[in-house]
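Single-letter residue listing:
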Amino acid sequence: STGSVSASPESYDESYLIPVSIGGTTFHLDLDTGSSDLWVFSTQQPASQRSGHTAYKQTGTKKSGYTWNISYGDGSGAKGDVYVDKVVVGGVTATSQAVEAATSVSSSFTSDTDNDGLIGAAFSSINTVSPQQQLTFFDNVKNSLSQKLFAARLRYHTAGTYDYGYIDSSKYSGSIHYVPVNTANGFWEFTASGVSGSSIADTGTTLLYIPDSNVDAYYANVDSASYDSSQGGYTFDCDESLPDWTVTIGSGSITVPGEYINFAPVSGNTCFGGIQSSDGIGFNIFGDIFLKATYTVFDQTQSSPRLGFAQG
Ligand SMILES: O=C(NNC1=NCCC1)c1ccc(Br)cc1
């Protein structure tokens with residue numbers, strides 16, 4: 001089988017949401033290659049906590065005694081219990097998918113009423129369900145796909161797609177360049193030339209986080225840029241045009257247009273940069289600011305997983 005689903009950006013491309021059918025009800029979920037739980041708002045939460053969200057009514061079969069509890073890199077989190085239900089994404093069906101129903105979520109999820117939960121697409125080794133880890137949607141369907149892969153084509157300020165089971169050559173230019181993936185930490189982890197340390201491809205992270213030295217070198221070419229500790233990153237005049245950022249990954253190079261690196265206004269005519277420091281995180285994070293310049297293939301067609309990058 002193959003499938004494709006639209007990925008619609010929230011304001012300022014803060015995250016990208018896809019329609020997912022769970023037990024016949026459509027939820028709008030953040031497809032997150034940086035985590036491995038599929039969780040949804042549920043009627044088990046206080047009504048005040050789920051106001052404005054589509055909530056799961058536990059239509060599936062309860063896995064009694066199973067719980068989950070997840071924390072994300074931005075400090076947000078959620079927890080709850082577990083059901084098994086039919087899940088459909090872009091026409092691709094998992095007949096018995098672990099659906100993690102929330103009993104509590106952190107305030108940033110409650111306040112983002114466009115978002116009804118997350119669908120994790122990292123490796124199942126970091127799924128948080130206890131006492132028995134559960135498989136991601138991709139792990140559940142990959143054997144039924146024409147090719148064991150999915151591909152992200154996120155776009156700047158407009159809807160993109162996630163493709164399942166096939167590569168759409170109309171969505172990129174040039175060729176796809178592949179690099180090996182280290183799965184030991186459960187992430188789509190790879191090495192990028194000229195960017196020290198390990199990097200992860202994370203659709204669930206908004207910005208591009210790279211080492212201080214690379215960040216300082218980038219903003220040295222932005223006259224109005226400075227590090228603003230009160231904002232927690234580099235800011236600049238919203239009217240200043242920004243340089244492109246190019247990185248070599250394997251035998252290919254990807255260029256992020258300067259326009260994409262103007263993330264959003266923070267106050268008046270001051271804007272927050274899409275490139276920020278990864279120092280202290282432990283990994284570089286190639287999030288949506290980077291991914292929206294690419295067609296990225298999350299590939300398990302071979303004995304060892306690999307990532308493919310092409311210019312979008
Ligand atoms: O949590 C992570 N990615 N997903 C999401 N962030 C916010 C909501 C979803 C994440 C994963 C690995 C590293 Br290293 C840093 C962050």
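This structure is a prediction, so every number in the text was calculated from the model and none was measured.

Asker: I tried to follow the overall build of the chain on my own but got confused; where do I start?
Answerer: The secondary structure content of the chain amounts to 4 helices and 24 strands. Computed over the C-alpha atoms, the radius of gyration of the chain is 19 Å, within 12% of the 20 Å expected from 2.2 N^0.38 for a compact globule of 312 residues. On the principal axes, the C-alpha backbone points of the chain span a range of 60 × 45 × 30 Å. Counting across all 312 residues of the chain, residues that qualify as buried make up 54%. At a minimum sequence separation of 6, the contacts of the chain that also span at least 24 residues come to 67%. Here the chain has roughly 12200 Å² of accessible surface; of this, 45% comes from carbon and sulfur atoms. Considering the chain, the positive charge centre built from 13 side chains and the negative charge centre built from 30 side chains are found 15 Å apart.

Asker: Honestly, the pairing of strand E1 (residues 3-9) in this entry has me stumped. Any pointers?
Answerer: The side chains of a regular strand alternate between both faces of the sheet. The pairing of E1 with strand E10 (residues 158-164) spans 5 bridges and is antiparallel. Considered in E10, the bridge of Ser6 is made with Thr161. Note: E1 against strand E2 (residues 16-22), 2 bridges, orientation antiparallel. Counterpart to Pro9 in the pairing with E2 is Tyr16. In sequence, E1 turns back onto E2 through a hairpin of 6 residues, with Tyr12 there showing a positive phi of about 60 degrees.

Asker: What exactly am I supposed to notice about the site of the ligand here?
Answerer: Near the ligand lie 14 residues; those nearest to it are Asp32, Gly73, Ile200, Asp202 and Gly204. At a separation of 2.8 Å, a nitrogen atom of the ligand approaches a polar side-chain atom of Asp202. Within the contact set of the ligand, a nitrogen atom lies 3.3 Å away from a backbone nitrogen or oxygen of Gly204. Tallied by class, the residues present in the shell around the ligand amount to 7 nonpolar, 4 polar and 3 charged.

Asker: Help me understand the state of the cysteines in this model?
Answerer: Here a disulfide denotes a covalent bond joining the sulfur atom of one cysteine to the sulfur atom of another. Applying the stated rule across the entire model yields 1 disulfide. Each sulfur in the disulfide pair Cys238 and Cys271 lies 2.1 Å from the other. Across the disulfide from Cys238 to Cys271, rotation about the S-S bond amounts to roughly 105 degrees, and the bridge is consequently right-handed. Of this pair, Cys238 sits in the loop between strand E16 (233-237) and strand E17 (245-249) while Cys271 sits in strand E20 (residues 270-273), and the two are 33 residues apart along the sequence. Each of the two residues, Cys238 as well as Cys271, counts as buried.

Asker: Please clarify how helix H3 (residues 212-219) should be interpreted in this entry.
Answerer: For an α-helix the count is 3.6 residues per turn, leaving residues at separations of three or four pointing the same way. Those residues of H3 that sit buried are Asn214, Val215, Tyr218 and Tyr219. Projection of H3 onto a plane perpendicular to its axis shows the buried side chains occupying an angular sector of 120 degrees, all on one side. Considering only its buried residues, H3 is in contact with strand E14 (208-210), E16, E17, E20 and strand E21 (275-277).

Asker: Could you clarify how one ought to interpret the nonpolar core in this entry?
Answerer: Most often, soluble globular proteins have nonpolar side chains that are buried together. Within the largest apolar cluster, 70 residues are counted, with the highest numbers of intra-cluster contacts made by Ile22, Tyr164, Tyr219, Trp245, Phe286 and Phe290. Non-local contacts of Ile22, meaning those with residues more than four positions away in its chain, are made with Phe27, Leu29, Leu38, Val40, Tyr56, Asp85, Lys86, Val87 and Val99. Formed by 14 residues, the second largest nonpolar core is a distinct cluster that contains Phe41, Ala98, Val105 and Phe109.

Reading guide: rules and limits
Residues numbered from 1 in each chain as written. Predicted model: local features only at pLDDT ≥ 70, side-chain atom pairs only at ≥ 80, totals over all residues. Heavy atoms only, no water. Helix = DSSP H or I, 4+ residues; strand = E, 2+ residues; numbered from the N terminus. Rg over C-alpha atoms; globule rule 2.2 N^0.38 Å. Buried < 20%, exposed > 50% of the residue type's maximum accessible area, 1.4 Å probe, protein only. Contact = heavy atoms within 4.5 Å. Areas by Shrake-Rupley, 256 points an atom, 1.4 Å probe, with all protein chains shown as cover. Lys, Arg positive; Asp, Glu negative; His and termini not counted. Charge placed at Lys NZ, Arg CZ, Asp CG, Glu CD. Pairing = 2+ DSSP bridges. Near = heavy atom within 4 Å. Polar contact = N/O pair within 3.5 Å; in protein donor to acceptor, adjacent residues only side chain to side chain. Nonpolar A, V, L, I, M, F, W, Y, C, P; charged D, E, K, R; others polar. Disulfide = S-S within 2.5 Å. Arc of directions from axis to C-beta. Core = buried A, V, L, I, M, F, W, Y, C linked by side-chain atoms within 4.5 Å.

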